[in-house]
Amino acid sequence: MTGAPAAATDFDAAVLRGFLAGRFGAAEDFTLERVGGGQSNPTYFLRYAGRDMVLRKQPDGPILRGAHAVDREFRVLSALSETPVPVPRPVLFHDDPALLGTPFYLMERIAGRVFGDAALPGVPPAERRAMYLSMARTLAALHAQEPQRIGLGDYGRPGNYFERQLARWRGQYDASPAPRIPALDRVIDWLGAALPPDDGQVAIAHGDFRVGNMIFHPSRPEVVGVLDWELSTLGHPLADLGFCCMPWHSAPQEYGGLLGLDLPGLGLPSEADFIAEYYAAAVPTGDLLPFHKVFALFRFSVIFVGIADRAAAGTASSHDASRVGPLAERFAERALALTGGDG
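Residues numbered from 1 in each chain as written. Predicted model: local features only at pLDDT ≥ 70, side-chain atom pairs only at ≥ 80, totals over all residues. Heavy atoms only, no water.

**Focus: the overall build of the protein chain**
At step 1: From N to C terminus, the protein chain includes 11 helices and 9 strands.
At step 2: A compact globule built from 343 residues would reach a C-alpha radius of gyration of about 20 Å, and the protein chain, at 20 Å, matches this within 12%.
At step 3: Its C-alpha atoms give the protein chain principal-axis dimensions of about 60 × 45 × 40 Å.
At step 4: For the protein chain, the residues scored as buried account for 50% of the 343 residues in total.
At step 5: For the protein chain, the share of sequence-separated contacts (at least 6 apart) that also reach a separation of at least 24 residues comes to 69%.
At step 6: Accessible surface computed for the protein chain: about 14,500 Å², of which carbon and sulfur atoms make up 53%.
At step 7: If the 31 positive side-chain charges of the protein chain are averaged to one point and the 39 negative ones to another, these points end up 2 Å apart. (Helix = DSSP H or I, 4+ residues; strand = E, 2+ residues; numbered from the N terminus. Rg over C-alpha atoms; globule rule 2.2 N^0.38 Å. Buried < 20%, exposed > 50% of the residue type's maximum accessible area, 1.4 Å probe, protein only. Contact = heavy atoms within 4.5 Å. Areas by Shrake-Rupley, 256 points an atom, 1.4 Å probe, with all protein chains shown as cover. Lys, Arg positive; Asp, Glu negative; His and termini not counted. Charge placed at Lys NZ, Arg CZ, Asp CG, Glu CD.)

Structure, rendered in structure tokens:
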């Protein structure tokens, strides 16, 4: 489509076009397409003046303090764009909400494949293992970056990461108007009792490092881009690694997990294979404990609580938010099972 924006935006596309003309000059080619599947910040494919870009903005309506931080996404992309970590190159950040209703940023669009299902449907089984191992090495490369050296020394508070994160996500859960989830309450108690001592390790933690946020090469089994940095901060590398283990502890109908599938028959690695590949490429890191996996499932459960709340308020950015919202209880049950409790 030339010269006409696509429909289904939550802002006036003509206003955006005028803004782009002021930044890049007038152009006839302008297309805008809403990207489906995301549960958080509204995302659009944008083509203007021969450039393929992606627009990310905050959702409309009230949001939790610190959530949907597109400014932080832009900052971390800017810092990592000069490192071996594969990320889309940032283009610009606009913080004035008067233009599109919320702050937004633009980044270059990377050609490649994105999968919402951890089983990688449509991929030859012989390539699936290699794709997962590439993902493990990419995570190790991220954690190898020294925050101070790349200008992210103040990107978060170093030290006591899990204690602070447990308090943060518990606070978001407590702020939800939805009924309490008994399994989630029990998991929170267990995490408080099992909290490991702080070992002083600090890395850039992505916060949502999973298959759905990877761009894989169009034909090769390798990660060429990591997306969705809104939860990133200075944190502990084992928080990300524990999060990466979630597919092996959730079923396909639970946000596309791997539990119950014939992993060898599908060419998929075991959890142990993935962890081993990470450690083979990572800087020296402590042992992954059940705590780290339970914490990841707990945090994702709280994220689903937030999605359900936004669906109820009519501000969720995904059309199926009301469907995935009930997964908060399922992920809490999966976490509880890993503690040795009833699941």
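**Brief notes about unusual backbone geometry**
At step 1: Of note, Ala 49 is a non-glycine position whose phi angle comes to about 55°, a positive value.
At step 2: Within the secondary structure, Ala 49 is located in the loop between strand 2 (43-48) and strand 3 (51-57).
At step 3: Its identity is not glycine, yet Leu 120 carries a phi of approximately 55°, on the positive side.
At step 4: Looking at where Leu 120 falls in the secondary structure, it is placed in the loop between strand 5 (104-108) and helix 3 (125-143).

**Thoughts on the packing of aromatic side chains**
At step 1: Enumeration according to the criterion identifies 21 aromatic pairs in this entry.
At step 2: Seen in terms of ring centroids, Phe 295 and Phe 298 are 5.9 Å apart; in terms of plane orientation they differ by 50°. Their pairing is tilted. Here the residue Phe 295 and the residue Phe 298 both occupy positions in helix 9 (residues 290-313), the gap between them amounting to 3 residues, near one helical turn. Of the two residues, Phe 295 and Phe 298, both sit in the buried class.
At step 3: Geometrically, the ring pair formed by Phe 300 and Phe 304 is edge-to-face, given 5.0 Å between the ring centres and 70° between the ring planes. (Phe/Tyr/Trp six-rings, centres within 6.5 Å; stacked < 30°, edge-to-face > 60°.)

**Side note on the environment of Thr 233**
At step 1: With respect to the helices and strands, the residue Thr 233 is situated in strand 9 (residues 233-235).
At step 2: Owing to a relative accessible area of 13%, Thr 233 belongs among the buried residues under this scheme.
At step 3: Between the alpha carbons of Thr 233 and Glu 73 there is a distance of 9.8 Å; along the sequence they are 160 residues apart.
At step 4: In contact with Thr 233, not counting residues within four places along its chain, are Arg 72, Tyr 155, Gly 156, Tyr 161, Ala 203, Ile 204 and Ala 205.

**Some thoughts on the packing of helix 9 against helix 11 (residues 327-338)**
At step 1: Put simply, helix 9 and helix 11 touch, their axes get as near as 8 Å, and they point 165° apart. Classed by the angle they form, the pair helix 9 and helix 11 counts as roughly antiparallel. You can see that helix 9 and helix 11 cross each other, and the crossing is left-handed. Residues Lys 293, Val 294, Leu 297, Phe 298, Phe 300, Ser 301, Phe 304 and Val 305 of helix 9 pack against Leu 327, Ala 328, Phe 331, Ala 332, Arg 334, Ala 335 and Leu 338 of helix 11.
At step 2: In terms of residue class, the contact of helix 9 with helix 11 is built from 12 nonpolar, 1 polar and 2 charged. (Axes fitted to C-alpha atoms, helices over the stretch in contact; angles between N-to-C directions. Parallel < 35°, antiparallel > 145°, perpendicular 65-115°, else oblique. Left-handed = near helix turned anticlockwise from the far one by under 90°. Nonpolar A, V, L, I, M, F, W, Y, C, P; charged D, E, K, R; others polar.)

**Overview of the pattern of salt bridges**
Between side chains of opposite charge, pairing is possible as soon as their charged atoms come close.
At step 1: Evaluated as defined, the whole model comprises 17 salt bridges.
At step 2: A salt bridge links Arg 56 to Asp 228; its shortest N-O distance comes to 2.8 Å. With a gap of 172 residues between them, Arg 56 in strand 3 and Asp 228 in the loop between strand 8 (223-226) and strand 9 connect regions that are remote in the sequence.
At step 3: Residue classification places Arg 56 among the buried residues on the basis of a relative accessible area of 8%.
At step 4: For Asp 228, a relative accessible area of 15% gives the class buried.
At step 5: A salt bridge links Arg 220 to Glu 222, with the shortest nitrogen-to-oxygen separation between them at 3.2 Å.
At step 6: Under the relative-accessibility criterion, Arg 220 is labelled partly exposed at 41%.
At step 7: Using a relative accessible area of 30% as the deciding quantity, one classes Glu 222 as partly exposed. (Salt bridge = Lys/Arg side-chain N within 4 Å of Asp/Glu carboxyl O.)

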